[in-house]
Amino acid sequence: MQNSFTEENYLKIIHALSGRDGLEVSTNALAESTSTRAASVTDMLRKLAEKGLIHYKKYQGVRLTESGEKVAINVIRKHRLWEVFLVEKLGFGWDEVHDIAEELEHIPSDHLVERLDSFLGHPRFDPHGDPIPDAKGNLTEPDYLILTDVEIGEKVRMMGVLDHAPSFLQHLDRAGITLGCILEIKEINEYDKSASVQIEDKQTLFISLEVSKNLLVQRR
Ligand SMILES: [Zn+2]
């Protein structure tokens with residue numbers, strides 16, 4: 001059964017909003033994330049429920065069914081594999097690939113995605129550090145910390161970003177903060193929680209709380 005571009009995007013958004021615990025997602029939250037009127041959201045939800053992809057009752061939240069979850073994970077898998085391809089094979093920057101992958105993720109061919117996966121050597125993470133679900137649909141979210149949880153004097157490895165906006169990624173590029181680099185918190189400003197951070201035992205720079213809140217790291 002083929003699902004439309006929009007249907008797949010809804011499933012992906014419901015998956016993201018319901019989080020690890022598979023919580024119910026409200027129609028309002030969906031309307032907000034899709035920038036759509038609540039009435040159109042309701043229409044789409046009815047359609048997805050008819051296809052057996054979500055559990056939906058009027059005035060209540062929605063949840064993905066097992067098959068809805070499968071579709072969502074598969075779209076995420078394709079998205080992240082295409083991002084790896086674009087960065088590693090076509091030389092795009094990590095700030096340039098998200099929107100292109102938003103289109104490529106809807107190419108239905110399973111054969112294509114399996115070929116792509118083996119061509120890339122079965123990568124486990126995308127260029128933003130997000131885990132890539134395997135062909136069976138297993139998605140393991142690593143337990144990363146957010147940089148704001150790290151104390152002064154601790155050295156951590158940068159593992160991912162919570163914000164995928166090109167402007168944020170370009171900001172990190174300019175600061176020399178890339179996936180895998182080692183960060184050490186030297187000082188935290190009590191007033192605004194900006195931090196002085198040393199990168200790779202070399203330059204030290206100030207990063208704002210907004211930046212810290214969006215960096216995923218791992219203790220070494
Ligand atoms: Zn992306």
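A quick note: this is a predicted structure, and the numbers were derived from the prediction, not measured. Every chain's residues receive numbers from 1 upward, in the order its sequence appears when written. Where totals are concerned, whole chains, interfaces and linings use all residues; where local detail is concerned, this predicted model gives features only for residues with pLDDT of at least 70, and gives and counts side-chain atom pairs only at 80 or more. Excluding hydrogens and water, the side-chain values take into account all heavy atoms of the structure.

What about the overall build of the chain?
Phase 1: Put simply, DSSP H or I for four residues or longer makes a helix, DSSP E for two residues or longer makes a strand, and each gets a number counted from the N terminus. Along its length, the chain carries eight helices and eight strands.
Phase 2: Oriented by its inertia axes, the alpha-carbon framework of the chain measures out at about 55 × 40 × 25 Å.
Phase 3: Within the chain, buried positions represent 43% of all 220 residues.
Phase 4: Whether two residues are in contact is decided by their heavy atoms: any pair within 4.5 Å suffices. In the chain, of all internal contacts separated by at least 6 residues, the share reaching a separation of at least 24 is 61%.
Phase 5: Surface accessibility follows the Shrake-Rupley procedure with a 1.4 Å probe radius. Residue values consider only the protein chains on display as shielding. When the accessible surface of the chain is summed, it comes to about 12300 Å², and 50% of that surface belongs to carbon and sulfur atoms. Type-normalised accessible area, obtained with a 1.4 Å probe on protein chains alone, sets the label of each residue: buried when under 20%, exposed when over 50%, and partly exposed for intermediate values.

Looking at the environment of Arg80
Phase 1: Relative to the assigned elements, Arg80 resides in helix H4 (residues 66-88).
Phase 2: The sequence separation of Arg80 and Ala101 amounts to 21 residues, and the corresponding C-alpha distance is 7.5 Å.
Phase 3: Once residues lying within four places of it in the same chain are set aside, the contact partners of Arg80 are Asp126, Pro127, Asp130, Pro131, Ile132 and Leu139.

Points about the nonpolar core
Phase 1: Here, nonpolar core means buried Ala, Val, Leu, Ile, Met, Phe, Trp, Tyr and Cys residues that are tied together by side-chain atoms lying within 4.5 Å of each other. Leu147, Met158, Leu172, Ile177, Leu183, Ile207 and Leu215 are the most contacted members of the largest nonpolar core, which has 22 residues in total.
Phase 2: Those elements giving two or more residues to this core turn out to be strand S4 (155-161), helix H7 (166-175), strand S5 (182-188), strand S6 (195-199), strand S7 (204-207) and strand S8 (215-219).
Phase 3: Among residues more than four places away in sequence, those in contact with Leu215 are Leu145, Ile146, Leu147, Met158, Gly160, Val161, Phe168, Leu172, Leu183 and Ile207.
Phase 4: Core analysis: the next-biggest nonpolar cluster, separate from the first, contains 18 residues, Leu45, Leu48, Val62 and Val71 among them.

Let's talk about the coordination of the zinc ion
Phase 1: Bound to the zinc ion are the protein donor atoms His79 (NE2), Glu83 (OE) and His98 (ND1), situated 2.0 to 2.1 Å from the metal.
Phase 2: Each metal's donors comprise the N, O and S atoms found within 2.8 Å of it (within 3.2 Å for Na, K or Ca). Water is not part of the atom list, so some coordination spheres may appear incomplete. Read in sequence order, the donor residues for the zinc ion give the motif H-x3-E-x14-H. Taken as a pair, His79 in helix H4 and His98 in helix H5 (residues 98-104) lie far apart in primary sequence, 19 residues in all.
Phase 3: By relative accessible area, His79 is classed as buried at 7%.
Phase 4: Given the relative accessible area of 27%, His98 is considered partly exposed.

Quick notes on helix H3 (residues 38-50)
Phase 1: The span expected for a helix works out to 1.5 Å for each residue beyond the first. An ideal rise of 1.5 Å per residue puts 18 Å on 13 residues; H3 measures up with 18 Å between its terminal C-alpha atoms.
Phase 2: Buried within H3 are the following residues: Val41, Thr42, Met44, Leu45 and Leu48. Along the axis of H3, the buried positions cluster into a sector of 165°, meaning they face one direction only.
Phase 3: Buried residues along H3 sit in contact with helix H1 (5-18), helix H2 (27-34), strand S1 (54-56) and strand S2 (62-64).
Phase 4: In the segment just after H3, Gly52 is the residue with positive phi, at about 75°. Taking the helix axis as origin, the arc is that swept by the directions to the C-beta atoms.

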